[in-house]
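Examining the three-dimensional arrangement
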Number of protein chains: 2
Amino acid sequence: MKELQVDVAVIGGGTAGLGAYRAAKRLTPNVVMIEGGPYGTTCARVGCMPSKLLIAAAEAVHQIERAPGFGIHPQGDIKINGREVMDRVKRERDRFVGFVLEGVDEIPQQDKIEGYARFIDDNTLQVGDHTRIQAKRIVIASGSRPAWPAAWNSLGDRLVINDDVFDWDDLPSSVAVFGPGVIGIELGQALHRLGVKVTMFGVGGGVGPLTDGAIRQYAAATLNTEFYLDADASVELIERRGDTVFIRYQDRDGQVQEISVDYLLAATGRRPNVDNIGLENTSLKLDERGVPFADRLTMQTSVAHIFVAGMPVISFRCYTKPAIKRVLPVKMRVRSRKYLPACAVAQFQWFSQTRKSRWWAQPIVN
Amino acid sequence: MKELQVDVAVIGGGTAGLGAYRAAKRLTPNVVMIEGGPYGTTCARVGCMPSKLLIAAAEAVHQIERAPGFGIHPQGDIKINGREVMDRVKRERDRFVGFVLEGVDEIPQQDKIEGYARFIDDNTLQVGDHTRIQAKRIVIASGSRPAWPAAWNSLGDRLVINDDVFDWDDLPSSVAVFGPGVIGIELGQALHRLGVKVTMFGVGGGVGPLTDGAIRQYAAATLNTEFYLDADASVELIERRGDTVFIRYQDRDGQVQEISVDYLLAATGRRPNVDNIGLENTSLKLDERGVPFADRLTMQTSVAHIFVAGMPVISFRCYTKPAIKRVLPVKMRVRSRKYLPACAVAQFQWFSQTRKSRWWAQPIVN
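Parameters and conventions
All residue numbers refer to position in the chain's written sequence, counted from 1. Following the order in which they are written, the chains are lettered starting with A and the ligands numbered starting with 1. Side-chain atom pairs in this predicted model are given and counted only at pLDDT of 80 or more, local residue features only at pLDDT of at least 70, and totals for whole chains, interfaces and linings cover all residues. Remark: hydrogens and water are excluded; side-chain values derive from all non-hydrogen atoms of the structure. A contact between two residues is defined here by any heavy atoms of the two lying within 4.5 Å. By buried area we mean the combined loss of accessible area, with a 1.4 Å probe, across both parts when two parts are placed together. Just to be clear on terms, a salt bridge is a Lys or Arg side-chain nitrogen sitting within 4 Å of an Asp or Glu carboxyl oxygen. Polar contacts, as counted here, are pairs of nitrogen or oxygen atoms within 3.5 Å of one another; within protein the pair requires one atom able to donate a hydrogen and one able to accept it, and residues that are adjacent in sequence qualify only if both atoms are side-chain atoms. Starting at the N terminus, helices and strands are each numbered in turn, a helix being any DSSP run of H or I of at least four residues and a strand any DSSP run of E of at least two. Ten residue types, Ala, Val, Leu, Ile, Met, Phe, Trp, Tyr, Cys and Pro, are classed as nonpolar, four, Asp, Glu, Lys and Arg, as charged, and the remainder, Gly among them, as polar. Between any two strands, at least two bridges found by DSSP are needed for them to pair. UniProt positions are given in the numbering used here, feature names are shortened, and annotations may be inferred rather than shown by experiment. Using a 1.4 Å probe on the protein chains alone, a residue whose accessible area is under 20% of its type maximum counts as buried, one over 50% counts as exposed, and one in between counts as partly exposed. For helices, the axis comes from a line fit to the C-alpha atoms of the stretch in contact; other axes are also lines fit to C-alpha atoms, and the angle between any two N-to-C directions lies between 0 and 180 degrees.

- Per an unreviewed UniProt entry, chain A carries the name Dihydrolipoyl dehydrogenase and comes from Budvicia aquatica.

Printed below as a string of structure tokens:
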């Protein structure tokens, strides 16, 4: 068993972890970053960056369809080559990931600890079965992962999440998107515009990052001019039948409808990766979801030397900011942590900025 | 002769004049704005706003041409309906102008003086032959107008400036653009993409707002992949022949070329409207162009109660900012007058930001 004494240990090598590692390195050389999965960040690999690439292809179709309004008349049909679409998405995605990996490569080998970390106590981390780390300060930047109802696991490979979409070699014929949140709308609208038959279902009426009832309704009505969306759907049956997913639901008029689709895309939220890192061995105060309480300005937890960063504490901000910097023409600047931008890149370029954004998943200690 | 005593008189009812009028009205009710031409602002009527509309149509063509890179293959040709293109440009232009006119309509009638103003002395303005104004403070916001070599006047209606382009009912077949500055490149590239045969000539090598030699060369080379541009051209003959403009020039390889085009578009700079406002009757210190020296931060001239605003003093800033706010997705914020944005909306979305932008046409007093 290797034993390390460090000033700062960062759990997670994603966008937040890399940021925390680099910030700490400016203050002390004695920092380690612990990562159990592949480097490259959720954002660049399967998140906000490749979704913008899919949207770019969808936008190419949409622009052609809108051209007559400018006096420009394409003659003939638009042929969408799904393999070429996905090939470009993955090629550019790999390029983006490459930039991240270049940065990771520059980090000294001894600072990168491979494996999954677990707290032994407030100052001690166990990584796999090979390393024990005594850390004066610890940053939890363990990220999040998609979550979906367990019953859907019976759909097997017909159940997909955003990660899977970016591994497709071709576009499918039809997809039912569950969850008209940011991810669901971005991917769902893009797939629709790329010729995929999209049907979208939600629970409770939420649409994108919108909180205002009237604006939600307007958004839902506008999206419905493109594809079927019921943000408060009544779905009666979801089951696998052969290589398709069979769905029976009551439509917005109360009529029972039945559809068979190639895939069910679960965009039903993300779950913070705090359930397998031994928080029970610490004296951290946790909320009902098991996430450490943290000051929203300093990210400091109830244990003064432990901090949180990124998705465990903020579902959205870390998710969009790097993408916006790299992929989009608009660079949103977060001038103060008091104001949080939340955006989705779809029909409206939705953007909300609030003092107490609902994307702050955390109660506030102070 | 009507006699008025006012706290502030603003010469010009364009973007800068309206801004100055409104700012002054917040401090005193006794303000007048003097305008001799049509209301609606250069920006909205014939400047940055309609040019973006023409660019939007050009972009629609360009997006279709680029779609195959995304795996999207439009079948058949693109038909560009010049009448529809120009109809939309003018329709939307009128809508933009309408917003400005709504604002002008809200200004009390007695504050709007119709006619051209001339200084009688440092505190007195004569408007037409009907009104004499004694003003404690005066703002010169008289704008600018296109300028071109007098010899070109022999081309008659075959000589056009940006104003004329936005009155076209249809697109011409061919245009020679003189002046690859911001206006020339924006309009020239847009017309090219809309199927107009464009040939572009400059003097001295300037390209867009660029000042760096290497970047200029790169820009010129990139634009040349679309249409012929010689930024330091040797033009031997320009003359009207029938309904066309005949041009003989040496191309970049030294070969003599002859072309006939429908129009010569003069984008050869703008001239401040300070030559007919009686500055010679004031004690203002003028530069060699006849423009009052002014402090670049306060816009105050050498006569403490006289100020300049907008194009007489800044060729570019006032020209682009309102357009960017209204037309473009990116809202550039000028946080400090020390930093001036200069941009052109074409191939590169050129943007330069410098402490001493060359768009400051003015020497600095302080």
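Quick notes on the interface of chain A and chain B
- Between chain A and chain B, the residue contacts involve 27 residues of the former and 27 residues of the latter.
- Of the roughly 2,100 Å² buried between chain A and chain B on both sides combined, carbon and sulfur atoms contribute 65%.
- Of all residues in chain A, Phe70, Ile72 and Gln75 of chain A bury the most surface against chain B, accounting for 29% of the area lost on that side.
- The tally of links between chain A and chain B comes to zero salt bridges.
- Counting across the chain A and chain B interface gives eight residue pairs in polar contact (both at pLDDT 80 or more).
- Secondary-structure elements contributing two or more residues to the side of chain A that touches chain B are helix H3 (48-66), strand E3 (72-74), strand E4 (78-80) and helix H4 (82-105) of chain A.
- Counting residues per element, the side of chain A that touches chain B draws most heavily on H3 of chain A, which supplies six residues.
- Per-class residue counts for the side of chain A that touches chain B are 15 nonpolar, seven polar and five charged.
- The pairing of E3 of chain A with strand E4 (residues 78-80) of chain B spans three bridges and is classified as antiparallel. If you follow histidine 73 of chain A over to E4 of chain B, its bridge partner there is lysine 79 of chain B.

Some words on the UniProt feature "domain: FAD/NAD(P)-binding" (unreviewed entry) in chain A
- In the UniProt entry, the feature "domain: FAD/NAD(P)-binding" (unreviewed entry) is given for residues 7-310 of chain A.
- End-to-end, the C-alpha atoms of residues 7-310 of chain A are 20 Å apart, and along that stretch the chain is 29% helix and 29% strand.

Overview of the environment of leucine 191 of chain A
Residue and element names in this part refer to chain A.
- With respect to the element layout, leucine 191 can be found in helix H6 (residues 182-193).
- Judged by relative accessible area, leucine 191 falls into the buried class, the value being 0%.
- Separated by 18 residues in the primary sequence, leucine 191 and serine 173 place their C-alpha atoms 9.6 Å from one another.
- Discounting residues that sit within four places of it in the chain, leucine 191 has contacts with Leu54, Trp168, Leu171, Val175, Val196 and Val198.

Things to note about helix H1 (residues 15-25) of chain B
- Buried within H1 of chain B are the following residues: Ala16, Gly17, Leu18, Ala20, Tyr21 and Ala24 of chain B.
- Residues of H1 of chain B that are buried in the fold lie against strand E1 (2-11), strand E2 (31-35), helix H4 (82-105) and strand E8 (131-140) of chain B.

Structural notes on the sheet that holds strand E15 (residues 244-250) of chain B
Residues and elements named next belong to chain B.
- One open sheet holds the three strands; their spatial order is E14-E15-E16, and the pairing between them is antiparallel. Looking at which strands have only one partner, the edges of the open sheet turn out to be strand E14 (234-241) and strand E16 (256-261). Across the sheet, the axes of successive neighbouring strands diverge by a mean angle of 15 degrees, strand direction being ignored.
- Where E14 lies against E15, seven bridges are found, and the strand directions are antiparallel.

What about the pattern of salt bridges?
- Applying the stated criterion across every chain, the model contains 36 salt bridges over all chains.
- A salt bridge links glutamate 186 of chain B to lysine 52 of chain B, with the nearest nitrogen and oxygen atoms 2.8 Å apart. Residue glutamate 186 of chain B is found in helix H6 (residues 182-193), and its partner lysine 52 of chain B is found in helix H3 (residues 48-66); the two are separated by 134 residues along the sequence. An identical accessibility class is assigned to glutamate 186 of chain B and lysine 52 of chain B; each is buried.
- Among the ionic contacts, a cluster of salt bridges with common partners joins Asp157, Arg158, Arg240 and Asp243 of chain A.

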